[in-house]
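# What the coordinates show
Each chain, written out:
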Amino acid sequence: MSQGPWSHHSRNASVADDIDFEIKGQELQFLEIELDPGESAVAEAGSFVWKDASVEMTTVFGDGSGAQGGGFMGKLLGAGKRLITGESLFTTVFTHQGQGKARVAFASPTPGAILPLKLSDVGGTLICQKDSFLAAARGVAIGIAFQRKVMTGLFGGEGFIMQKLDGDGWVFVQMGGTIVERELKAGEVLHVDTGCLAAYTPSVDFDLVMAGGVKSVLFGGEGLFFARLTGPGKVWIQSLPFSRLAGRMLAAAGGTGGNRGEGSVLGGLGDLIGGNN
């Protein structure tokens, strides 16, 4: 497997399966994981692209980490957490059952970038948008993170219920547009659109702040609140959340398909002339 800007090629038996991987592509990326015999990767349902024949695919209830215990109720609790965050009750485990090396690939269902993070490097826990998990090494637990503050719970939008990834292995999260990483010092404050907040470490305090005065709220087009993030800790920002892209696409379609003749002084008449209606 060739060395790329987002890749990992080393072995460490003391943590979760220390998979090798490479992220390929620019704007529309996909993840290629290389497994040794017996190693496994866990992926979100629907993200699979291709695999070598020696990689066995198994669908499991919950996240497949075993962190919820071996009983039925433990597995049901783990699956229920995934359901709350808008994910499937099931995940898919890919295990290399043959000899030598084998590969399996996954891709995000939306345009953007894939961010690889080793949880042991960020304190063992990552909090991210509820639909951002793509894949992970076997041993990573996928749970939920509720915002405890009343204002955040009522008006937090995408930031109210988020995913919590626990463990010490590699995780891969999908983000829209371009990824920006900010490391906040103790007491440093950053304001982010709630949809553009992709992930952060638990040491960061997450709250909401009003987006300016009445005029800004009514006519600014940025929503009522910003996410206020207070350090210390790391924050990852996505430049184009899928909800924003989908909203623009729906608005451009006008609810009936076609475009709205943006920039044309003819407006709807221009649509008729252009054959869009």
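Quick summary incoming for the structure in this document.

Calculation notes
- Residues numbered from 1 in each chain as written.
- Predicted model: local features only at pLDDT ≥ 70, side-chain atom pairs only at ≥ 80, totals over all residues.
- Heavy atoms only, no water.
- Pairing = 2+ DSSP bridges.
- Helix = DSSP H or I, 4+ residues; strand = E, 2+ residues; numbered from the N terminus.
- Axes fitted to C-alpha atoms, helices over the stretch in contact; angles between N-to-C directions.
- Buried < 20%, exposed > 50% of the residue type's maximum accessible area, 1.4 Å probe, protein only.

Reading across from one edge, E12-E13-E10-E17-E20-E15 is the order of the 6 strands in this open sheet, with antiparallel pairing throughout. Edge positions in the sheet fall to strand E12 (141-146) and strand E15 (179-184), since each has one partner strand and no second. Strand-to-strand, the axes of this sheet are offset by a mean angle of 25 degrees, without reference to chain direction. Here E15 runs beside strand E20 (residues 233-238); their pairing, made up of 6 bridges, is antiparallel. Counted as the bridge partner of Ile 179 is Gln 238 from E20.

Now for the sheet that holds strand E19 (residues 225-230). Taken in spatial order, the 3 strands line up as E16-E19-E18 in an open sheet, and their pairing is antiparallel. At either margin of the open sheet sits one strand with a lone partner, and together these are strand E16 (189-192) and strand E18 (205-210). Across the sheet, the mean angle from the axis of one strand to that of its neighbour is 30 degrees, orientation sign disregarded. For E16 and E19, the ladder comprises 4 bridges, and the chain directions are antiparallel. Bridge pairing links His 191 to Arg 228 in E19.

Attention now moves to the pairing of strand E7 (residues 90-96). Counting buried residues along E7, 6 of its 7 residues qualify, which places the element largely inside the surrounding structure. When strand E4 (residues 40-44) meets E7, the two strands line up antiparallel, connected through 5 bridges. Looking at the pairing, Ala 43 lines up with Thr 92 of E7.

What follows covers unusual backbone geometry. Here the residue pair Gly 231 and Pro 232 is connected by a cis peptide bond, since its omega of 20 degrees sits within 30 degrees of zero. Mapped onto the elements of the fold, Pro 232 is located in the loop between E19 and E20.

Here Glu 27 is to be found in the loop between strand E2 (20-24) and strand E3 (30-35). Since its relative accessible area comes to 62%, Glu 27 is described here as exposed. Along the primary structure Glu 27 and Ile 114 are separated by 87 residues, whereas in three dimensions their C-alpha atoms are 9.5 Å apart.

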